[in-house]
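Each chain, letter by letter, is given below.
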Amino acid sequence: MSNDLSFLQLTKVHQWLDELFLAHRTALLGLDLSQAKLLFDRYETNLLLHMKDEEESLIPIYGARISDVPGGAVELFIAEHKKIRKFLAEFYQALRELRNNKGLALKHKAIELLDREGMYAGLLQHHHAREQNALYPWLELITSVEERANLLAGCSSLSAYKASLDAGQGAK
Ligand SMILES: [Fe+2]
Ligand SMILES: [Fe+2]
């Protein structure tokens, strides 16, 4: 099967998103607040696109055609997305507030935020693994080649990832 017709391509999108988040955290560690904000915005935009792809086209097909997948209930994916969005809103707000601090206070606030982001990164690893072990492999089995081609062509996050490769941007 051509790689272009496999949902496992979305694993690459997960890796790309993780790299974008790490680039943001690296800027935050260096107290480069404007770069940290810019990279966070880029990360958030693409992650929201990715979750939208999953919620609006992939999860509905999966939910309609299959059930009782251990660790792969639709409700779990949706609940994790909800938690992810909550964290993103928290980080957005914390990054705004960081700008009001200087010196040692700024360093302490940045450490607090990095700690929260570390917790979130753990949740995200768990979520990505769940999708890669259940959602994507099952979608591979329950869709036709034509459906896969259409679904993948409609994934905005996959297009954004490919565009970033073409632009040679990676996570920079
Ligand atoms: Fe997801
Ligand atoms: Fe995903």
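What you are looking at is a predicted structure, and each value in this text was computed from that prediction instead of being measured.

How each quantity is defined
Residues numbered from 1 in each chain as written. Chains lettered and ligands numbered in written order. Predicted model: local features only at pLDDT ≥ 70, side-chain atom pairs only at ≥ 80, totals over all residues. Heavy atoms only, no water. Helix = DSSP H or I, 4+ residues; strand = E, 2+ residues; numbered from the N terminus. Buried < 20%, exposed > 50% of the residue type's maximum accessible area, 1.4 Å probe, protein only. Contact = heavy atoms within 4.5 Å. Areas by Shrake-Rupley, 256 points an atom, 1.4 Å probe, with all protein chains shown as cover. Lys, Arg positive; Asp, Glu negative; His and termini not counted. Charge placed at Lys NZ, Arg CZ, Asp CG, Glu CD. Donors = N, O, S within 2.8 Å, 3.2 Å for Na, K, Ca; no water. Axes fitted to C-alpha atoms, helices over the stretch in contact; angles between N-to-C directions. Parallel < 35°, antiparallel > 145°, perpendicular 65-115°, else oblique. Left-handed = near helix turned anticlockwise from the far one by under 90°. Nonpolar A, V, L, I, M, F, W, Y, C, P; charged D, E, K, R; others polar. Salt bridge = Lys/Arg side-chain N within 4 Å of Asp/Glu carboxyl O. Polar contact = N/O pair within 3.5 Å; in protein donor to acceptor, adjacent residues only side chain to side chain.

Quick look at the overall build of the chain now. Counting its regular elements, the chain contains 6 helices and 0 strands. For the chain, the succession of helices and strands along the chain, N to C, is α-α-α-α-α-α. By its C-alpha atoms, the chain is 60 × 35 × 20 Å across when sized along the principal axes. Across the 172 residues in the chain, those meeting the buried criterion constitute 42%. Taking contacts inside the chain between residues at least 6 apart in sequence as the whole, the part at least 24 apart equals 82%. Approximately 9,200 Å² of the chain is accessible, and the part contributed by carbon and sulfur atoms is 56%. Taking the average location of the 20 positive side-chain charges in the chain and that of its 23 negative ones, the two points are 7 Å from each other.

Here we take up the coordination of the iron ion (ligand 1). Around the iron ion (ligand 1), the donor atoms from the protein are Glu54 (OE), His81 (NE2), His127 (NE2) and Glu131 (OE), and they sit 1.9 to 2.2 Å away. Between the donor residues of the iron ion (ligand 1), the gaps in sequence give the motif E-x26-H-x45-H-x3-E. In this structure the iron ion (ligand 2) is found 3.3 Å away from the iron ion (ligand 1), and Glu54 serves as a bridging donor for the pair. Here the residue His127 and the residue Glu131 both occupy positions in helix H4 (residues 103-142), the gap between them amounting to 4 residues, near one helical turn.

Here the phi dihedral of Leu31 falls at roughly 55°; this positive angle occurs in a residue that is not glycine. Following the sequence through the fold, Leu31 ends up in the loop between helix H1 (9-29) and helix H2 (33-65). Of note, Asp68 is a non-glycine position whose phi angle comes to about 60°, a positive value. Along the polypeptide, Asp68 turns up in the loop between H2 and helix H3 (74-98).

Right, let's get into the coordination of the iron ion (ligand 2). Taken together, His14 (NE2), His50 (NE2), Glu54 (OE), Glu131 (OE) and Tyr136 (OH) make up the full set of protein donors to the iron ion (ligand 2), lying 2.0 to 2.7 Å away. Look at where the donors of the iron ion (ligand 2) fall in the sequence and you get H-x35-H-x3-E-x76-E-x4-Y.

Attention now moves to the packing of H3 against H4. Axis separation between H3 and H4 bottoms out at 10 Å; the angle between their running directions is 160°. On the basis of the axis angle, H3 is roughly antiparallel to H4. For the pair H3 and H4, the crossing hand works out as left-handed. Partitioned by chemical class, the residues of the contact of H3 with H4 number 17 nonpolar, 3 polar and 8 charged.

Attention now goes to the side chain of Asp53. Structurally, Asp53 can be placed in helix H2. Lys52 is the oppositely charged side chain nearest to the buried, salt-bridge-free Asp53, at an N-O distance of 6.9 Å. In terms of polar contacts, Asp53 uses its side chain to reach the side chain of Ser157, at 2.7 Å.

Checked against the element boundaries, Ala36 lands in helix H2. Owing to a relative accessible area of 0%, Ala36 belongs among the buried residues under this scheme. Measuring from C-alpha to C-alpha, the distance between Ala36 and Pro137 comes to 34 Å, with 101 residues separating the pair along the chain. Once residues lying within four places of it in the same chain are set aside, the contact partners of Ala36 are His24, Ala27 and Leu28.

A few words on the side chain of His81. Its place among the elements puts His81 in helix H3. Within the structure, His81 has its side chain in polar contact with the side chain of Glu55 (distance 2.7 Å). Not counting chain neighbours up to four residues away, the residues in contact with His81 comprise Met51, Glu54, Glu55, Ile59, His127 and Glu131.

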